[in-house]
Amino acid sequence: GGVSSRSRFMDTAKDVDSKVMQIKFLSGARLAKAVTPSMIKNGYGRIIWISSVQGLVGIPNRSSYAASKFAVQGYCESIRAELASSGVLVHCISPGYIRTNLSQSALQGDGSKYGATDATTEAGADPGEVAATVLQRVARGDVDFCIVATTSALGAIWLRLLCPGILRSLLASRYEESLAKEKTE
């Protein structure tokens, strides 16, 4: 599932939107549907889905990826309610940046590989430590939580809830800065 997107939404081919959604959301939904009946039958199980901070706050130039992660968030909320009395717990984890090859394998608008490691990814958390934290938090029963999120990411999540107009303005400024940076490169 290690794919993301790196392009403005107007420059993103429809098949790139579809591919990211297929990999990041629909494949997990199909897997959940395949394994949940036996969990319900046994009266116990855990669906653990890794979303992203970008499933809580969509940032510019990541529309396909953010859409797939917002879908994960909504799906988990919905199926959690449906499975509440079955003994099956649904966990949705929203990490910030982790040192993986996610940006390397990100798709550009035309479907080609981005092929670079973003500075934020390079400075991200260790994948092994993140996995250990996820397992610890799931074991103690946490269902929705953010991990390894930067102060700015957590601030953006709170702004989205409390002052959405300010967040919209900040994200628009971030986008304009990315355009200016492109012109100077």
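In what follows, the accompanying structure is described. Everything numeric in this text was worked out from a predicted model, so none of it was measured. (Residues numbered from 1 in each chain as written. Predicted model: local features only at pLDDT ≥ 70, side-chain atom pairs only at ≥ 80, totals over all residues. Heavy atoms only, no water.)

With respect to the pattern of salt bridges
- Counted according to the given criterion, the structure contains 8 salt bridges.
- Residues Asp118 and Arg6 are paired through a salt bridge, measuring 2.7 Å at the closest nitrogen-oxygen approach. Taken as a pair, Asp118 in the loop between β2 (88–95) and α3 (119–122) and Arg6 in the segment before α1 (14–42) lie far apart in primary sequence, 112 residues in all.
- Between Asp142 and Arg140 there is a salt bridge whose closest N-O contact spans 3.1 Å. (Salt bridge = Lys/Arg side-chain N within 4 Å of Asp/Glu carboxyl O. Helix = DSSP H or I, 4+ residues; strand = E, 2+ residues; numbered from the N terminus.)

Some words on the packing of aromatic side chains
- Inspection of the entire model under this criterion finds 3 aromatic pairs.
- Ring geometry for Phe25 against Tyr75: centres 5.1 Å apart, planes inclined by 85 degrees, an arrangement best described as edge-to-face. In this pair, Phe25 sits in helix α1 while Tyr75 sits in helix α2 (residues 63–83), placing the two residues 50 residues apart along the sequence.
- Overall, the relative accessible area of 12% leaves Phe25 in the buried class.
- Where Trp49 meets Tyr75, the ring centres are 5.7 Å apart and the plane angle is 80 degrees; that geometry is what we call edge-to-face. Highlighted residues: Trp49 in strand β1 (residues 45–50) and Tyr75 in helix α2, separated in sequence by 26 residues.
- Using a relative accessible area of 9% as the deciding quantity, one classes Trp49 as buried.
- Through a chain of ring-to-ring contacts, three or more aromatic side chains come together here, namely Phe25, Trp49 and Tyr75. (Phe/Tyr/Trp six-rings, centres within 6.5 Å; stacked < 30°, edge-to-face > 60°. Buried < 20%, exposed > 50% of the residue type's maximum accessible area, 1.4 Å probe, protein only.)

What about the nonpolar core?
- The biggest cluster of nonpolar side chains holds 14 residues, and the ones touching the most others in it are Ile47 and Trp49.
- Of all the secondary structure elements, the ones that give two or more residues to this core are α1, β1, α2 and β2.
- The biggest single contributor to this core is α2, with 5 residues.
- Apart from residues no more than four positions distant in its own chain, Ile47 is found in contact with Ala32, Thr36, Met39, Ile79, Leu83, Val88, Leu89, Val90 and His91. (Core = buried A, V, L, I, M, F, W, Y, C linked by side-chain atoms within 4.5 Å. Contact = heavy atoms within 4.5 Å.)

The analysis is restricted to geometry; functional conclusions fall outside its scope.
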